[in-house]
Amino acid sequence: MQIEIAEPGRMTQTGSSLLRLIQNNNMPALDLFVRESVQNSLDAGLPDSSYVSIQFLTGTFSNEVFSRNLEMISDGLLSKYGKSDYDYIAIRDSNTEGLTGPLHYDDVIDNNYGNLLKLIYEISKPQEEEGAGGSWGLGKTVFFRVGIGLVVYYSRIYEDDQYQTRMAITFVEDENKQDALIPSVKGKLKRGIAWWGKKTGENKTQPVTDENVINDILRIFGIKPYIDDETGTTVLIPYIDKEVLLKNNAIEYLDADENSMHPFWQSSIEDYLSVSLQRWYAPRLNNPEFPYDRYLRAKINENIITNDFMEPEFQIIQSLYNRALGKITQYDVLKELYSDNTHAEDILLRNVLNTTKAGSVAYTRVDRRILKMDYPDNKPVPYMYFN
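No experiment lies behind these values; they were computed from the predicted model shown. (Residues numbered from 1 in each chain as written. Predicted model: local features only at pLDDT ≥ 70, side-chain atom pairs only at ≥ 80, totals over all residues. Heavy atoms only, no water.)

### As for the overall build of the protein chain
Part 1 of the reasoning: Per the secondary structure count, the protein chain includes eleven helices and 16 strands.
Part 2 of the reasoning: For the protein chain, whose C-alpha radius of gyration is 23 Å, the value lies close to the compact-globule estimate of 21 Å for 387 residues.
Part 3 of the reasoning: For the C-alpha atoms alone, the extent of the protein chain along its principal axes is close to 75 × 55 × 45 Å.
Part 4 of the reasoning: In the protein chain, which comprises 387 residues, the proportion classed as buried is 49%.
Part 5 of the reasoning: Nonlocal contacts in the protein chain, meaning residues at least 24 apart in sequence, comprise 65% of its contacts between residues at least 6 apart.
Part 6 of the reasoning: In the structure as shown, the protein chain presents an accessible area of about 19900 Å², 46% of it carried by carbon and sulfur atoms.
Part 7 of the reasoning: Treating the 40 positive side-chain charges of the protein chain as one cloud and the 56 negative ones as another, the clouds have centres 3 Å apart. (Helix = DSSP H or I, 4+ residues; strand = E, 2+ residues; numbered from the N terminus. Rg over C-alpha atoms; globule rule 2.2 N^0.38 Å. Buried < 20%, exposed > 50% of the residue type's maximum accessible area, 1.4 Å probe, protein only. Contact = heavy atoms within 4.5 Å. Areas by Shrake-Rupley, 256 points an atom, 1.4 Å probe, with all protein chains shown as cover. Lys, Arg positive; Asp, Glu negative; His and termini not counted. Charge placed at Lys NZ, Arg CZ, Asp CG, Glu CD.)

### Here we look at the side chain of arginine 156
Part 1 of the reasoning: Along the chain, the position of arginine 156 falls in strand S6 (residues 150-159).
Part 2 of the reasoning: The side chain of arginine 156 is buried and forms no salt bridge, while glutamate 211, the nearest opposite charge, is found at 5.2 Å.
Part 3 of the reasoning: There is a polar contact of 2.8 Å between the side chain of arginine 156 and the backbone oxygen of glutamate 230. (Salt bridge = Lys/Arg side-chain N within 4 Å of Asp/Glu carboxyl O. Polar contact = N/O pair within 3.5 Å; in protein donor to acceptor, adjacent residues only side chain to side chain.)

### Regarding empty space enclosed by the protein
Part 1 of the reasoning: By the definition in use, this model includes three cavities of 30 Å³ or more.
Part 2 of the reasoning: The computed volume of the largest cavity comes to approximately 150 Å³. (1 Å grid on protein atoms, 1.4 Å probe; cavity = no way out; pocket = protein on both sides within 12 Å on 5 of 7 lines; lining within 4 Å. Points joined across faces, edges and corners; volume = space filled by probe spheres on them.)

### Considering the pattern of salt bridges
Part 1 of the reasoning: In the structure shown here, the tally under the stated rule is 17 salt bridges.
Part 2 of the reasoning: A salt bridge links lysine 299 to glutamate 302, with the shortest nitrogen-to-oxygen separation between them at 3.5 Å.
Part 3 of the reasoning: The closest approach of N and O atoms between aspartate 367 and arginine 369, which form a salt bridge, is 3.2 Å.

### Considerations on helix H5 (residues 114-121)
Residues spaced three or four apart along an α-helix face the same direction, because each turn holds 3.6 residues.
Part 1 of the reasoning: Along H5, eight of the eight residues are buried, which leaves the element largely enclosed by surrounding structure.
Part 2 of the reasoning: Among the residues of H5, those classed as buried are Gly114, Asn115, Leu116, Leu117, Lys118, Leu119, Ile120 and Tyr121.

In short, the description is geometric, and any link to function would need to be established separately.
Laid out in structure tokens, this is it:
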């Protein structure tokens, strides 16, 4: 794939400034990654679909093979990382519209950039979909912080009565570092930002649409292409350090004897992703009763996160959420054991809103049994699950 190097200009970001753009330095990077990537997928759900499917993928790839695809930094990657295999993490969604819109700025009409240009090439473009929050770009900077700054975007869309496939690669690095890989353009100052795709002019690219090229890169990571009537987006981050990610802002817990306690999810990327996903999206996960938009189906590699698979704390949260809506589902863990100890009440206000009801609150009191804290499960305390 050919390179396009961001050139210096007025009112432009540099790689070093982008890496500092998110000021949330307290939340673990994996939690930020889960929140940002899943929300992007939910915002892109197909209009006629009741749910969005996501799959977190982990695995290894060959630096020697992958680096060959990145013009002008392939030698640098090979010199820096050798011929070893490295870990990657990816999120793949389906039942979503994918990265739609023009492939290049020259094709933009009436300021309609589309999802593709906003996500891959822009910073701070506001979201335009109804119900979608934030700005394209600010949240995605967490992608650059999970690995070394390289991000692969792969998408399949249905547009103009046909399926189209697209792929581009972005690299954001601190241009001030001695071992920075992105070269300068004609001796100008470095910005530390580059893209790879299909060359369209001098130092200009657009996403690759050749399925043979795209499938060759997917094979490096063992990721299957979208087929049949599937549409969606896969965001892939290579060169991650699992140990560093698991330690990033990890909260230290102490037992009664002041000894450090390490919950099981701090030892495995896959377990961490599962718990984090439940932590932030428990009301929406496998919950067709979720009333405000599409609900969420999720897998970690090939393991489906079913209602029965969820941790007790998050089963309770989902049950309470549904009860606040006046619904008791077949997966309600409070139904039998705690029917007399669970309550849902309306929040009533006077002379404030057009209606006196501002919402509902549901609450319960549970013991160690339902939290599975006793033998043989020995689950951690709720405070650890909730961070």
